[in-house]
Amino acid sequence: TRDRIITGFESIETQGRFERTSWPYGKGEGGGEISVLRGDVFEKAAVNWSGVGGPNFPMQDGSGPFFATGVSLITHMRSPKMPTVHFNIRYIETAQKTWLGGGFDLTPMGFPYEEDTRHFHETARRTLEPYGAGLYELFSKQARDYFWIKHWNRERGVGGIFFDHFNSGDLTKDLNMWRAVGDNFLDAIMPIYRRRLSEPWTEEDRLTQLKRRAHYVEFNLLYDRGTKFGFESGGNPEAILCSMPPLAAW
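The rules behind these values
- Residues numbered from 1 in each chain as written.
- Predicted model: local features only at pLDDT ≥ 70, side-chain atom pairs only at ≥ 80, totals over all residues.
- Heavy atoms only, no water.
- Core = buried A, V, L, I, M, F, W, Y, C linked by side-chain atoms within 4.5 Å.
- Buried < 20%, exposed > 50% of the residue type's maximum accessible area, 1.4 Å probe, protein only.
- Helix = DSSP H or I, 4+ residues; strand = E, 2+ residues; numbered from the N terminus.
- Contact = heavy atoms within 4.5 Å.
- 1 Å grid on protein atoms, 1.4 Å probe; cavity = no way out; pocket = protein on both sides within 12 Å on 5 of 7 lines; lining within 4 Å.
- Points joined across faces, edges and corners; volume = space filled by probe spheres on them.
- Pairing = 2+ DSSP bridges.
- Axes fitted to C-alpha atoms, helices over the stretch in contact; angles between N-to-C directions.
- Polar contact = N/O pair within 3.5 Å; in protein donor to acceptor, adjacent residues only side chain to side chain.
- Phe/Tyr/Trp six-rings, centres within 6.5 Å; stacked < 30°, edge-to-face > 60°.
- Lys NZ or Arg CZ within 6 Å of the ring centre and 35° of its normal.
- Nonpolar A, V, L, I, M, F, W, Y, C, P; charged D, E, K, R; others polar.

Engineer: Help me understand the nonpolar core in this model?
Structural biologist: One recurring pattern in soluble globular proteins: nonpolar side chains tend to sit buried together. Residues Phe9 and Phe185 are the most contacted members of the largest nonpolar core, which totals 41 residues. At eleven residues, helix H4 (residues 171-196) tops the list of elements feeding residues into this core. Not counting residues up to four positions away in its chain, the partners in contact with Phe9 are Phe18, Phe42, Val47, Leu73, Thr75, Phe185, Leu186, Ile189 and Met190.

Engineer: What exactly am I supposed to notice about the environment of Met190 here?
Structural biologist: Looking at where Met190 falls in the secondary structure, it is placed in helix H4. With 37 residues separating them in the primary sequence, Met190 and Thr227 have C-alpha atoms 26 Å apart. Apart from the residues within four sequence positions on either side, Met190 is in contact with Gly8, Phe9, Ser11 and Ile12.

Engineer: Where do I start with empty space enclosed by the protein in this structure?
Structural biologist: One water molecule sets the probe size; rolling that probe over the atoms shows where empty space is left. Scanning all chains against the criterion turns up two cavities of 30 Å³ or more. For the largest cavity, the calculated volume is near 60 Å³. The wall of the largest cavity is formed by Lys81, Met82, Pro83, Leu106, Pro108, Phe111, Pro112, Tyr113, Asp116, Thr117 and Ile192. A volume near 30 Å³ is recorded for the second largest cavity. What lines the second largest cavity is Thr98, Trp99, Leu100, Phe166, Asn167, Leu171 and Asp174. Among the elements of the structure, strand E6 (98-107) and H4 are those that each provide at least two residues to the lining of the second largest cavity.

Engineer: Hey, could you run me through the sheet that holds strand E4 (residues 66-77) in this one?
Structural biologist: The seven strands lie next to each other as E1-E2-E3-E4-E5-E6-E9, forming an open sheet whose pairing is antiparallel. Pairing within the sheet leaves two strands with one partner each, and these edge strands are strand E1 (19-24) and strand E9 (160-166). Direction aside, neighbouring strands of the sheet carry axes that sit 10 degrees apart on average. The strands touched by helix H1 (residues 2-10) within the sheet are E1, strand E2 (29-37), strand E3 (42-54), E4 and strand E5 (84-94), with E3 carrying the most contacts at an inclination of about 175 degrees. Along the sheet, helix H5 (residues 203-222) contacts E3, E4, E5 and E6; its crossing angle with E4, the most-contacted strand, is approximately 160 degrees.

Engineer: Just checking my understanding: could you explain helix H6 (residues 225-232) for this structure?
Structural biologist: For an α-helix, the turn length of 3.6 residues means that residues three or four places apart are oriented alike. Between the side-chain oxygen of the N-cap and the backbone nitrogen of Gly226 there are 3.1 Å, and the N-cap of H6 in question is Asp224. Looking at the residues trailing H6, positive phi occurs at Gly234, about 80 degrees.

Engineer: Even after reading the chapter, I still don't get the packing of aromatic side chains, so can you show me in this structure?
Structural biologist: By convention here, two paired aromatic rings are described through the distance between centres and the angle between planes. Applying the stated rule across the entire model yields 16 aromatic pairs. Arranged with centres 5.8 Å apart and planes meeting at 85 degrees, the rings of Tyr146 and Phe219 form a pair that is edge-to-face. On the criterion of sequence distance, the pair formed by Tyr146 in helix H3 (residues 135-146) and Phe219 in helix H5 is long-range, its members being 73 residues apart. Ring geometry for Phe147 versus Phe162: centroids 5.8 Å apart, planes at 80 degrees, classification edge-to-face. Taken together, the residues span a long stretch of sequence, with Phe147 in the loop between H3 and strand E7 (148-149) and Phe162 in strand E9 at a distance of 15 residues. One aromatic cluster in this structure is built from Phe9, Phe42, Phe87, Phe104, Phe120, Phe185 and Tyr193. Here the basic side chain of Lys81 rests over the ring of Phe111, its NZ or CZ set 5.3 Å away from the ring centre. The lysine or arginine in question, Arg196, covers the ring of Tyr113, its NZ or CZ lying 3.6 Å from the ring centre.

Engineer: Before we go on, may I ask you to explain the environment of Thr21 in this structure?
Structural biologist: With respect to the element layout, Thr21 can be found in strand E1. A relative accessible area of 43% places Thr21 in the partly exposed class. On a C-alpha basis, the gap between Thr21 and Lys228 in space is 22 Å, while along the polypeptide they are 207 residues apart. Those residues in contact with Thr21 that lie beyond four places of it in its chain are Gly32, Glu33 and Ile34.

Engineer: Help me understand the layout of surface pockets in this model?
Structural biologist: Here the largest pocket defines a volume of roughly 990 Å³. Sort the elements by how many residues they give to the lining of the largest pocket and E4 lands first, with seven residues. Of the residues belonging to the lining of the largest pocket, the class tally is 25 nonpolar, 19 polar and six charged. The volume enclosed by the second largest pocket comes to roughly 200 Å³. Lining the second largest pocket are Gly16, Arg17, Glu19, Thr21, Ile34, Val36, Leu37, Arg38, Lys44, Glu238, Leu241 and Cys242. Sorting the residues of the lining of the second largest pocket by element identifies E1 and E2 as the ones contributing at least two each. Looking at the lining of the second largest pocket, its residues break down into five nonpolar, two polar and five charged.

From the geometry alone we can't say anything about function, so treat these as descriptive.
Spelled out as structure tokens, the structure:
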């Protein structure tokens with residue numbers, strides 16, 4: 001999944017390729033790989049993979065051994081007319097239970113386009129339909145609730161899908177749904193990026209983008225569970241902070 005997404009992103013990048021850096025997990029077994037691109041289309045994009053395990057799950061004291069793996073990514077586009085997109089899928093297993101999480105969401109940097117939002121959500125709906133009636137509606141609502149910036153009293157972007165601690169009791173079905181989210185992510189974002197690739201923009205547009213990026217930073221550092229889990233589980237700080245934009249303004 002990670003490799004396929006990297007190939008998709010590089011297909012529209014005019015300069016630069018992803019650089020990969022491996023890291024070992026210091027509190028147990030396994031590790032991960034940071035993949036970062038800095039180019040002309042993607043001012044910064046990070047597509048990271050990790051698979052780690054240890055003697056005690058960091059978010060639940062005394063829970064015993066755990067294993068966690070996933071792919072997470074963020075894009076920060078050079079053009080203000082091209083939205084930021086976030087994607088994550090994760091699998092976590094402890095002695096007590098197993099669950100899945102993930103989703104993808106879209107954040108225009110001050111320039112939302114209705115047709116882009118509609119395409120993004122329609123792709124998410126089609127992805128989830130085979131796995132249960134109402135699943136898209138549930139995950140879409142959870143995205144609105146989760147990606148809410150409390151101090152600004154507004155949603156971070158235009159939504160998407162989000163699920164966490166998901167276990168329906170049918171692991172095979174759940175894993176198929178989880179994989180489908182990963183398999184359909186590029187279909188959700190790449191038509192939008194190709195559509196906006198040549199959209200003109202000004203320095204004033206750029207300042208608007210940088211101010212919206214500041215809100216993104218605030219959310220990730222104050223509220224994001226993945227950031228908290230990464231630090232508390234002893235993850236690689238560089239990998240965790242890959243979500244930060246290269247520039248922002250307050």
